[in-house]
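# Remarks on the overall topology
The primary structure of each chain is shown beneath.
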Amino acid sequence: MDTAIQYVLLAAAACFVLGLRLMNHPATARRGNLLSAGAMGVAVVATGVVIARHATITVTGWAVLFAGLATGSVAGLYAARSVRMTAMPQLVSLFNAVGGGAAALLAVSDLIGAHAVPVRVGVPASIDIAIGAVTFTGSLLAAGKLQGLVSGAPIVFPGARLVNVVIAALTLGSGVWLAARPDNTVALVLLVVGALAFGVTMVLPIGGADMPVVISLLNAFTGTAVAMAGFVLGQTILIIAGALVGASGAILTKLMADAMNRSIANIIIGGFGTADDAASAEGGAQGTVRSGSADDVAIQLAYANKVIVVPGYGLAAAQAQHEMAGLAQLLTGHGVEVTYAVHPVAGRMPGHMNVLLAEANVPYPQLIEMEEANGEFARADVALVVGANDVTNPAARRSGNPISGMPILDVDHARSVVVIKRSLGHGYAGLDNELYTDPKTTMYFADAKQGLAALTAAVRTFVG
Amino acid sequence: MSLDLLTAVTIFVLSLLVGVEVISKVPATLHTPLMSGANSIHGVVLVGAMAIAATAHDTLGYVLAFFAVAFGAMNVVGGYVVTDRMLHMFRGSRKQG
């Protein structure tokens, strides 16, 4: 019977892989997720059967088990149902936190009161606790930053780097100690406290623009922690699923970092734009900015042949994706060619903008990725930038500023540019956007949602 | 359950390679649902948490097991439901396009 259960768990692990594979294509992605979810359900039930058969579990144990299942399921279901698509990165981060936290708790619980723990358990247990605890506090802080509960700006205080190094050393030291002496409670407590603190000090100096990379990295961390928990408990399914997520998270992290032309180490060690605060402060409003009304912009759009929309986080934050899609539909109906140029880090996690536009029923073929879009801008009559900032700043092509070398959308190559934005405020990099003072740029100062609605109305009067 | 170290490490390494292979060619459009999907898969930690609950026999053990199970269950249920919500939208947009 136990062997049969092991085969069931193996089949579930295989389904995780297949599910992930099916998620490579939009057409099969949903089936992939359902397959994966079904396999998870089977694994949980099978584990329940094993527990019941072995009968070592106490009555209180059952109560704890069901209470935990009910509490977690209700919380997860509520969060997943109620979350807005714009808040998706926070939620993924929150799930990373609880996953990492659970993995760390497994190892803690395994070590407490244990005697003569072999090294082959001590080492993975130590790694599990370290990574799991770092992920727990790090992900919670990342979610807080994204939600605006904690300032999204890089938080740096004098000696911050020193504190960071000290805490890292403490965590590493107690980790080695615990690996060697797994039954030492002092080492265990030190490691837990050190790793929890390190999670905070690691994410604190990282700015909002780098959050997609951080979330992706923490996802990989959680996977690794879960795999280590599998070593501790001798459960193959945890090792397989954990390694799978660890590897996929690492790849996504690498892709994201490449899209920003920065190394992962650079993102973790140095906060974005922290070194250049003085430079951006003196920038101010140099050069003249031309602003236009809804009617001015509507004429430009209505008489264009080709419009490329550059959606950014501002569009998402204003929940304006539906208004955007409405305007695009109106223009398309009038014979204007409309495409969306999506920067890989538009939004607050990899591919976030695509999800938001999909929510607004934007036809899939209208979305083009950065490289293709940059070849198209020269042929576009109007580039309509809605709530995007740093990813359109031509300053990135020069050296000597915080966004130097970051791949951008070459919006300034279009014949004319319209920027919908509430104010001339800075993006996450804290830089003035040179695009706004370009002579062919018209600034339309408005909230993305109201602005797009006004534009749609104005365009309608022209093409009516 | 006993699992000898070499076997465990072998499984770990091979699974890492599978993970790399499966993810490498995903279009950027699907990165968010994919990450969210991978996120739910690490909810499998719930299985380990259940095993911990089964061997707990003192207050500290019960408390740890409760949080581990609750965290794991939240990860699993929330992760899959939200991924499905997202993918549902992609399907809708494909029909039109």
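What you are looking at is a predicted structure, and each value in this text was computed from that prediction instead of being measured.

### Some remarks on the overall build of chain B
Looking only at helices and strands, one finds four helices and zero strands in chain B. In chain B, the succession of helices and strands from N to C terminus is α-α-α-α. Since a compact globule built from 97 residues should have a radius of gyration of about 13 Å, the 18 Å found for chain B marks it as more spread out than a globular shape. Out of the 97 residues belonging to chain B, those deemed buried represent 65%.

### Considerations on the overall build of chain A
If you tally the helices and strands in chain A, you get 17 helices and six strands. Taken against the 2.2 N^0.38 rule, which gives 23 Å for 464 residues, the C-alpha radius of gyration of chain A at 25 Å falls within 12% of a compact globule. The C-alpha extent of chain A, read off along each of the three principal axes, is 80 × 50 × 35 Å. Within the span of chain A, comprising 464 residues, buried residues form 55% of the whole. By sequence separation, contacts in chain A at least 24 residues apart represent 79% of the contacts at least 6 residues apart.

### Comments concerning the sheet that holds strand β6 (residues 441-445) of chain A
Residues and elements named next belong to chain A. One open sheet accounts for six strands, arranged β3-β2-β1-β4-β5-β6; its pairing is parallel. The open sheet has two edge strands with one neighbour each: β3 (367-369) and β6. Between one strand axis and the next, the sheet turns by 25° as a mean value, whatever way the strands run. With four bridges connecting them, strand β1 (residues 306-311) and strand β2 (residues 337-342) associate as parallel partners.

### Remarks on the interface of chain B and chain A
Of the residues lining the interface, 83 residues belong to chain B; the matching set on chain A comes to 97 residues. For the side of chain B that touches chain A, the secondary-structure elements that each account for two or more residues are α1 (5-23), α2 (31-41), α3 (45-55) and α4 (59-96) of chain B. Residue contributions to the side of chain B that touches chain A peak at 35 residues, all from α4(B). For the side of chain B that touches chain A, a count of residues per class yields 51 nonpolar, 27 polar and five charged.

### Things to note about the domain arrangement of chain A
The domain boundaries assigned to chain A delineate domain 1 (1-82), domain 2 (87-275) and domain 3 (283-463). For domain 2 of chain A and domain 3 of chain A, the distance between their C-alpha centres works out to 36 Å.

### Some thoughts on the UniProt feature "transmembrane region" (unreviewed entry) in chain B
Residues and elements named next belong to chain B. When the UniProt feature table is mapped onto this chain, "transmembrane region" (unreviewed entry) is found at residues 6-24, 36-56 and 62-82. In this annotation, residues 6-24 is assigned 95% helix and 0% strand; the end-to-end C-alpha distance for the span is 27 Å. Along residues 62-82 one finds 100% helix and 0% strand; the C-alpha atoms at either end are 29 Å apart.

### Looking at the pairing of strand β4 (residues 382-386) of chain A
All names here are of chain A. Within β4, five of the five residues are buried, which leaves it mostly tucked inside the rest of the structure. Of the two faces of β4, the one lined by Val-382, Leu-384 and Val-386 and the one lined by Ala-383 and Val-385 are each fully buried. Bridge analysis of β1 against β4 gives five bridges, and the strand direction is parallel. Residue pairing for β4: Ile-308 is matched across the bridge by Ala-383. Here β4 pairs with strand β5 (residues 416-421) via five bridges, running parallel. Pairing of Leu-384 across the sheet is with Val-418, part of β5.

### Quick notes on the environment of Lys254(A)
All names here are of chain A. As for its placement among the helices and strands, Lys-254 is situated in helix α9 (residues 236-259). Accessibility expressed as a C-beta count within 10 Å gives 16 for Lys-254, which makes it partly exposed. Linking Lys-254 and Ser-216, residues 38 residues apart in sequence, is a C-alpha distance of 9.0 Å.

### Notes on the environment of Met1(A)
All names here are of chain A. Along the polypeptide, Met-1 turns up in the segment before α1 (2-22). Since 8 C-beta atoms lie within 10 Å of it, Met-1 is described here as exposed. When the C-alpha positions of Met-1 and Arg-53 are compared, they lie 9.4 Å apart, and in sequence the two are 52 residues distant.

### Looking at the packing of helix α6 (residues 160-180) of chain A against helix α7 (residues 185-203) of chain A
All names here are of chain A. One can describe the packing of α6 onto α7 by two numbers: an axis separation of 8 Å at closest approach and a directional angle of 150°. In the packing of α6 onto α7, the handedness of the crossing is left-handed. Contacts from Val-163, Asn-164, Ile-167, Ala-168, Leu-170, Thr-171, Ser-174, Gly-175, Trp-177 and Leu-178 of α6 reach α7 at Ala-187, Leu-188, Leu-190, Leu-191, Gly-194, Ala-195, Ala-197, Phe-198 and Thr-201. A class-by-class count of the residues in the contact of α6 with α7 yields 13 nonpolar, six polar and no charged.

### Remarks on unusual backbone geometry
Residue and element names in this part refer to chain A. At Ala-55, a position not held by glycine, the phi torsion is positive, near 55°. Residue position: Ala-55 is located in the loop between α2 (26-54) and α3 (59-82). Given 8 C-beta atoms within 10 Å, Ala-55 falls into the exposed group. For Asn-361, which is not a glycine, the phi torsion comes out positive at approximately 60°. What makes Asn-361 partly exposed here is the crowd of 17 C-beta atoms within 10 Å.

### Some details on the UniProt feature "transmembrane region" (unreviewed entry) in chain A
Residue and element names in this part refer to chain A. According to UniProt, the feature "transmembrane region" (unreviewed entry) maps to residues 6-22, 34-53, 59-79, 91-117, 129-150, 162-180 and 186-206 in the numbering used here. Across residues 59-79, the secondary structure splits into 100% helix and 0% strand, with the terminal C-alpha atoms separated by 30 Å. Structurally, residues 129-150 comprises 86% helix and 0% strand, and the distance from its first C-alpha atom to its last is 26 Å.

### Focus on α2(B)
Counting buried residues in α2(B) gives eleven out of eleven residues, a clear majority hidden from the surface. All buried positions along α2(B) are accounted for by His31(B), Thr32(B), Pro33(B), Leu34(B), Met35(B), Ser36(B), Gly37(B), Ala38(B), Asn39(B), Ser40(B) and Ile41(B).

### Structural notes on the packing of helix α5 (residues 119-147) of chain A against α6(A)
Residues and elements named next belong to chain A. It is at 7 Å that the axes of α5 and α6 come closest, and there the two elements cross at 150°. Taken as axis vectors, α5 and α6 run roughly antiparallel relative to one another. Handedness of the crossing formed by α5 with α6: right-handed. Seen from α5, the contacting residues are Gly-122, Val-123, Ser-126 and Ala-130; seen from α6, they are Thr-171, Gly-175, Leu-178, Ala-179 and Ala-180. A per-class count over the contact of α5 with α6 returns five nonpolar, four polar and no charged.

Procedures and definitions
- Residues numbered from 1 in each chain as written.
- Chains lettered and ligands numbered in written order.
- Predicted model: local features only at pLDDT ≥ 70, side-chain atom pairs only at ≥ 80, totals over all residues.
- Helix = DSSP H or I, 4+ residues; strand = E, 2+ residues; numbered from the N terminus.
- Rg over C-alpha atoms; globule rule 2.2 N^0.38 Å.
- Buried ≥ 20, exposed ≤ 12 C-beta atoms within 10 Å, placed from the backbone.
- Contact = placed C-beta atoms within 7 Å.
- Pairing = 2+ DSSP bridges.
- Axes fitted to C-alpha atoms, helices over the stretch in contact; angles between N-to-C directions.
- Nonpolar A, V, L, I, M, F, W, Y, C, P; charged D, E, K, R; others polar.
- Domains from an automatic or database assignment.
- UniProt positions renumbered as here; feature names shortened; annotations may be inferred.
- Left-handed = near helix turned anticlockwise from the far one by under 90°.
- Parallel < 35°, antiparallel > 145°, perpendicular 65-115°, else oblique.

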